[in-house]
Structures are given as structure tokens and as C-alpha cells.
Amino acid sequence: MAIIEVNLPSGYIFDPETLNALRNVTHCKRQELKHQNKKLDIYFDFIPKDPETCIYVEAIRSFKVGKTSSAIVRVYDYYETSRKAMESYTVPEFNFCEICKDTQDCDQQNCVD
């Protein structure tokens, strides 16, 4: 069994519509949302080398966060954990003024990039 673990950066949640489409991916056994819709585990019977197995999931910005950290996607063999791969990714950052400009407390004169 193989698992693809997708983590999201702060301020994002998974789009439920793209999660439904995962049911059609070959060899996909099940999926689990964890950590308040911030982590997705996708379980496969196996992931064949040929043809490539591609999954597509979308995230929705649930709130604006400045200076977000990178997030990680990990693929590993459930029974042989030494067989693994990991990649990090980032999302576009917000300028702090973009985050606060619609609030009463925003002092745009003191905005910093």
C-alpha cells in the first residue's frame, strides 16, 4: 500500500469538488482529511511506475495569511517506509497591507513589504 500525503499552508483548505474526483483515480483505495481540512492522506493499493499516476487537488484560500511557510507533499510505502519521496511547495505571499486594508485598524501609512 502507498500513501500520498498532501499538507496545505496556513490559510488554505482543500476544495471538496476536487476531492470527489479522486475516487476516479486508478488504484485509489480511500482518502482521509485530517487536521481540520489541512492535511489529506490518499491511500493506494499500489502506485505503478508506468503509466504515471497523477493526482489533482485544489486548495481554496479560507483566509489571508502573510509570510506563509512552505508545505510538503510526501509519497511513501506504508509497509516499507524507507521507500519515500518528499517535495515542498510555496504559495504566493500577501503583502501585509493587502491583508489589513479592509479593516478599521489598518494604518496603511505604516505598511511594510
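In what follows, the structure referred to is the one given above.
Residues numbered from 1 in each chain as written. Predicted model: local features only at pLDDT ≥ 70, side-chain atom pairs only at ≥ 80, totals over all residues. Heavy atoms only, no water.

Undergrad: Would you explain the side chain of Thr68 in this entry?
TA: For Thr68, the position within the fold is in the loop between strand 5 (59-61) and strand 6 (71-77). Exposure remark for Thr68: the relative accessible area of 15% places this residue in the buried category. Filtering out sequence-adjacent residues up to four positions away, Thr68 remains in contact with Ser10, Val91 and Glu93. (Helix = DSSP H or I, 4+ residues; strand = E, 2+ residues; numbered from the N terminus. Buried < 20%, exposed > 50% of the residue type's maximum accessible area, 1.4 Å probe, protein only. Contact = heavy atoms within 4.5 Å.)

Undergrad: What should I look at first to understand the pattern of salt bridges in this one?
TA: Pairs can form between side chains of opposite charge whenever their charged atoms are close. If you walk through the whole model with that rule in mind, you get 8 salt bridges. Across the pair Glu5 and Lys39 runs a salt bridge, and its minimum N-O distance is 3.7 Å. Here Glu5, found in strand 1 (residues 2-7), pairs with Lys39, found in strand 4 (residues 39-44); they are 34 residues apart in sequence, far enough to count as distant. What makes Lys39 buried here is its relative accessible area of 14%. When salt bridges that share partners are traced, they join Glu5, Arg30, Glu32, Lys34, Lys39, Asp41 and Arg74 into one network. (Salt bridge = Lys/Arg side-chain N within 4 Å of Asp/Glu carboxyl O.)

Undergrad: I would appreciate a short explanation of the pairing of strand 3 (residues 28-34) in the present structure.
TA: Each regular strand carries side chains that alternate between the two faces of the sheet. Here strand 3 pairs with strand 4 via 6 bridges, running antiparallel. Residue pairing for strand 4: Glu32 is matched across the bridge by Asp41. (Pairing = 2+ DSSP bridges.)

Undergrad: Mind showing me how you'd approach the nonpolar core here?
TA: The nonpolar side chains of soluble globular proteins are, as a tendency, buried together. Judged by nonpolar contacts, the single largest core of 14 residues is most densely connected at Phe14, Leu22, Leu40, Ile42 and Phe44. Secondary-structure elements contributing two or more residues to this core are strand 1, strand 2 (12-14) and strand 4. Residues contacting Ile42, with those up to four places away along its chain left out, are Ala2, Ile3, Ile4, Leu22, Cys28, Arg30, Gln31 and Ile55. (Core = buried A, V, L, I, M, F, W, Y, C linked by side-chain atoms within 4.5 Å.)

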